Amino acid sequence: MDIAPLSVFRLCDTETTGFPPRAEMCEIGWVDFVLYPDGWKIDGEHQSRFVNPGHPIPAKCTEIHGITDDMVVDGMDPNEARAFLSRGAAVLGAHNAAFDKQFVRSALPWICTLECARHVWPQAPNHKNETLKEFLGITVDGDAHRAGYDAAVSAGIFLQLIKHLTIEEMLALSDPGAVPLKMPFGVHKGSRFTEIPDSYLKFIVGSDMRKGVKAAAQNEISRRTAAKPSTPAARSRSSSWDRSF
């Protein structure tokens with residue numbers, strides 16, 4: 001993808017009333033990066049706005065992000081929020097973009113900082129936003145699971161990622177359907193799938209890794225199964241009493 005100078009990469013986060021298809025956004029947060037001749041630079045501070053989801057926020061969701069019905073009553077319309085996040089951006093991003101894409105519904109290309117972090121730091125305890133914040137020494141004030149704060153943490157992760165990956169590499173890693181030739185992260189990072197043990201291939205298939213990685217593992221399992229020599233059926237012995245005369 002050819003990205004023009006002064007293009008905007010908008011790293012966003014959504015807080016929601018649950019999971020699709022019935023849930024909706026109740027807060028959006030974002031951080032803008034601009035492509036200057038010397039690289040990507042943050043353009044201003046992280047920002048956030050409430051979104052009125054059009055239905056009550058379940059108590060179990062409020063327990064996570066702390067957002068109540070009273071807080072969103074004057075919030076943006078969800079469709080307005082979707083248009084707002086896409087407006088003026090060349091690329092969008094999120095930490096676990098597969099989730100946020102379902103709410104933002106933008107046709108723009110996406111970068112998933114979660115998938116990229118799994119590739120760059122396989123040794124991290126896990127790749128959640130808060131874990132990577134501590135692992136990478138990122139400093140952000142605020143409360144976790146609020147959209148502006150989470151977007152700011154993801155922005156800190158992105159600033160570390162661009163030391164290791166180009167935007168084009170991030171876009172490729174972020175495509176959930178892309179089937180890699182080598183394992184992009186984890187204990188077998190850099191190994192071809194033909195070199196990965198059966199037990200780990202089965203682990204991948206049953207995990208929540210992106211579908212391209214799971215497809216690569218399943219393809220290798222199928223290849224090995226097909227390559228196994230078939231065992232000839234045991235020839236039954238006929239009894240002398242069965243013989244026809």
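Bear in mind the structure is a predicted one, so any value in this text is a computation, not a measurement.

Draft legend 1. View of unusual backbone geometry. Here Pro20 and Pro21 are connected by a cis peptide whose omega angle stands at 5°. Along the chain, the position of Pro21 falls in the loop between β1 (8-16) and β2 (25-36). In this structure, Asn96 takes a positive phi of about 75° despite not being glycine. Positionally, Asn96 belongs in the loop between β5 (91-94) and α4 (97-104). Given a relative accessible area of 33%, Asn96 falls into the partly exposed group.

Draft legend 2. Region of the structure containing the pattern of salt bridges. As enumerated under the stated definition, the model contains 9 salt bridges in all. For Lys41, the salt bridge goes to Asp38, with nearest N and O atoms at 3.7 Å. Overall, the relative accessible area of 59% leaves Asp38 in the exposed class. Glu115 is paired through a salt bridge with Arg118; the nearest N and O atoms lie 3.3 Å apart. Of this pair, Glu115 and Arg118 both sit in helix α5 (residues 113-120), 3 residues apart, roughly one helical turn. Considered together, Glu115 and Arg118 belong to a single accessibility category, that of buried residues. Within the structure, one salt-bridge network assembled from shared partners comprises Asp198, Glu220, Arg223 and Arg224.

Draft legend 3. Region of interest: the nonpolar core. Phe9, Phe33, Trp40, Ile111, Trp121, Ile157 and Phe158 are the most contacted members of the largest nonpolar core, which has 31 residues in total. Elements supplying a minimum of two residues to this core: β1, β2, α5, α6 (129-136), α7 (147-161) and α8 (167-174). Here this core gets 8 residues from one element, more than from any other, and that element is α7. Beyond its immediate chain neighbours, meaning those up to four positions away, Trp40 contacts Ile3, Ser7, Val8, Phe9, Phe33, Val34, Leu35, Phe158, Ile162 and Ile167.

Draft legend 4. The side chain of Arg210, seen in detail. With respect to the helices and strands, the residue Arg210 is situated in the loop between α9 (198-205) and α10 (211-227). Judged by relative accessible area, which is 7%, Arg210 ranks as buried. What Arg210 contacts, discounting residues up to four positions off in sequence, is Glu115, Leu173, Asp175, Pro176, Ala178, Pro180 and Pro184.

Draft legend 5. The arrangement of α7 in detail. Here α7 is 15 residues long and its end C-alpha atoms lie 21 Å apart, about the 21 Å a rise of 1.5 Å per residue gives. In terms of burial, α7 is largely enclosed, as 13 of its 15 residues are buried.

Conventions used here
- Residues numbered from 1 in each chain as written.
- Predicted model: local features only at pLDDT ≥ 70, side-chain atom pairs only at ≥ 80, totals over all residues.
- Heavy atoms only, no water.
- Helix = DSSP H or I, 4+ residues; strand = E, 2+ residues; numbered from the N terminus.
- Buried < 20%, exposed > 50% of the residue type's maximum accessible area, 1.4 Å probe, protein only.
- Salt bridge = Lys/Arg side-chain N within 4 Å of Asp/Glu carboxyl O.
- Core = buried A, V, L, I, M, F, W, Y, C linked by side-chain atoms within 4.5 Å.
- Contact = heavy atoms within 4.5 Å.
- Expected span 1.5 Å × (residues − 1).

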